[in-house]
Amino acid sequence: MPGEFPMNDPQKIWQDQPTEAIKMSLEEIRRKAHRLQTKARLAALAWIVMGLAICVLFARSSAKAHAAVERIGWGMLSLWGLYGAYQAYKWIWTGTLAADATLSTSLDFYRRELERRHDYARHIWRRSGLTFCFGGLALVVLPALISVLGAPRLLVNAVPLFVLLAIWLAVFSPLRKRQQRRLQREIDELKMLETENRSL
């Protein structure tokens, strides 16, 4: 019949297929929210402890350094430890979901926490102070490298550090992008679920 789409048109068939509603019980949402809360708090606690340890360790190195540039570099790394600990608490540590929270409140809590994690991951260089870290590292390492430029054998000692940095960068970037995609997918699913919940 004119004006009708043929039955073998894959695009039309795909567009006309019924969309399945996302079903998730209040208990399941609460369980997921509590699991996120526990994992996030453990991760934040680990970052805080590590940041404080880095702060103390690099502060001691700064106090022992003889050259002013090296002292500033160690000082920057020490402050980076404190900054990283503070940002971990601010962005990774989660709020608390009330035990009697409704489905709507639980969904909202879970989505907001995922959005905070996604935002932190998207701005990781600034939020975790990595640029500050690499600046301090450059002030510590570069003067030592410049002093050994005349002795290529000593320069070889620095190769493992640069290899580790290259491996870290090669692994860090894809992992961060994968985490962002996973978080965004979950946020989108929760938004759909919230819309369905409001329409009921």
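If you're wondering where the values come from, they're calculated on a predicted model, not measured in any experiment.

1. Looking at the overall build of the protein
For step 1, the next point in the chain: The secondary structure content of the protein amounts to eight helices and zero strands.
For step 2, the next point in the chain: Seen in sequence order, the protein has helices and strands lined up from the N terminus as α-α-α-α-α-α-α-α.
For step 3, the next point in the chain: Looking at the protein as a whole, 32% of its 200 residues qualify as buried.
For step 4, the next point in the chain: Here the contacts in the protein between residues at least 6 apart in sequence split such that 79% fall between residues at least 24 apart.
For step 5, the next point in the chain: A total of about 13,400 Å² of accessible surface is found on the protein, and carbon and sulfur atoms cover 66% of it.

2. A short note on the packing of aromatic side chains
For step 1, the next point in the chain: For the structure on display, the rule yields four aromatic pairs.
For step 2, the next point in the chain: Between the aromatic rings of Trp125 and Phe134, the centroid separation amounts to 5.9 Å while the plane-to-plane angle is 35 degrees, which identifies the pairing as tilted.
For step 3, the next point in the chain: Taking relative accessible area as the criterion, Phe134 reaches 24% and is therefore assigned partly exposed.
For step 4, the next point in the chain: Aromatic pair Trp125 and Phe172: ring centres 5.9 Å apart, planes at 85 degrees, arrangement edge-to-face. One end of the pair, Trp125, is in helix α5 (residues 124-127); the other, Phe172, is in helix α8 (residues 159-199), and 47 residues separate them in sequence.
For step 5, the next point in the chain: Members of the aromatic cluster, joined through ring pairs, are Trp125, Phe134 and Phe172.

3. A look at the pattern of salt bridges
For step 1, the next point in the chain: Summed over the entire model, instances satisfying the criterion amount to nine salt bridges.
For step 2, the next point in the chain: We note a salt bridge from Glu113 to Arg116, for which the minimum N-O separation is 3.0 Å. One end of the pair is Glu113 and the other is Arg116, both in helix α4 (residues 103-122) and three residues apart, which spans about a single turn.
For step 3, the next point in the chain: With a relative accessible area of 5%, Glu113 lands in the buried category.
For step 4, the next point in the chain: Of the charged contacts, one joins Lys191 and Glu115 as a salt bridge, the two residues approaching to 4.0 Å between their closest N and O atoms. Residue Lys191 is found in helix α8, and its partner Glu115 is found in helix α4; the two are separated by 76 residues along the sequence.
For step 5, the next point in the chain: Through salt bridges with shared partners, a single network forms among Asp108, Arg111, Arg112, Glu115 and Lys191.

4. Concerning the side chain of Gln87
For step 1, the next point in the chain: Checked against the element boundaries, Gln87 lands in helix α3 (residues 68-91).
For step 2, the next point in the chain: A polar contact of 3.4 Å, which involves the side chain of Gln87, links it to the backbone oxygen of Arg127.
For step 3, the next point in the chain: Apart from the residues within four sequence positions on either side, Gln87 is in contact with Ile92, Tyr120 and Arg127.

5. Side note on the confidence of the model for the protein
For step 1, the next point in the chain: Of the residues in the protein, 80% reach a pLDDT of 70 or more, and the chain-wide mean stands at 80.
For step 2, the next point in the chain: The element-level mean pLDDT for the protein is lowest in helix α1 (residues 10-16), coming to 51, with α3 highest at 92.
For step 3, the next point in the chain: In this model, residues 1-6 is a region of pLDDT below 50 whose contacts with residues beyond four sequence positions or in other chains number one contact.

6. A few points about the layout of surface pockets
For step 1, the next point in the chain: In this structure, the largest pocket spans a volume of roughly 770 Å³.
For step 2, the next point in the chain: If you go around the largest pocket, you meet 26 residues; those closest to its centre are Trp47, Ile124, Leu130, Trp168 and Phe172.
For step 3, the next point in the chain: Of all the secondary-structure elements, those providing two or more residues to the lining of the largest pocket are α2 (26-64), α3, α4, α6 (130-147) and α8.
For step 4, the next point in the chain: Broken down by element, the residue count for the lining of the largest pocket peaks at ten residues, all from α8.
For step 5, the next point in the chain: Within the lining of the largest pocket, the residues separate by chemical class into 21 nonpolar, two polar and three charged.
For step 6, the next point in the chain: Each pocket or cavity is described by its volume, and for the second largest pocket that value is around 240 Å³.
For step 7, the next point in the chain: What lines the second largest pocket is a set of 13 residues, and nearest its centre among them are Leu36, Lys39, Leu114, Arg182 and Glu186.
For step 8, the next point in the chain: Put simply, the parts of the chain that give the lining of the second largest pocket at least two residues each are α2, α4 and α8.
For step 9, the next point in the chain: Broken down by element, the residue count for the lining of the second largest pocket peaks at six residues, all from α2.
For step 10, the next point in the chain: Broken down by class, the residue content of the lining of the second largest pocket amounts to six nonpolar, one polar and six charged.

Calculation criteria
Residues numbered from 1 in each chain as written. Predicted model: local features only at pLDDT ≥ 70, side-chain atom pairs only at ≥ 80, totals over all residues. Heavy atoms only, no water. Helix = DSSP H or I, 4+ residues; strand = E, 2+ residues; numbered from the N terminus. Buried < 20%, exposed > 50% of the residue type's maximum accessible area, 1.4 Å probe, protein only. Contact = heavy atoms within 4.5 Å. Areas by Shrake-Rupley, 256 points an atom, 1.4 Å probe, with all protein chains shown as cover. Phe/Tyr/Trp six-rings, centres within 6.5 Å; stacked < 30°, edge-to-face > 60°. Salt bridge = Lys/Arg side-chain N within 4 Å of Asp/Glu carboxyl O. Polar contact = N/O pair within 3.5 Å; in protein donor to acceptor, adjacent residues only side chain to side chain. pLDDT = per-residue confidence, 0-100. 1 Å grid on protein atoms, 1.4 Å probe; cavity = no way out; pocket = protein on both sides within 12 Å on 5 of 7 lines; lining within 4 Å. Points joined across faces, edges and corners; volume = space filled by probe spheres on them. Nonpolar A, V, L, I, M, F, W, Y, C, P; charged D, E, K, R; others polar.

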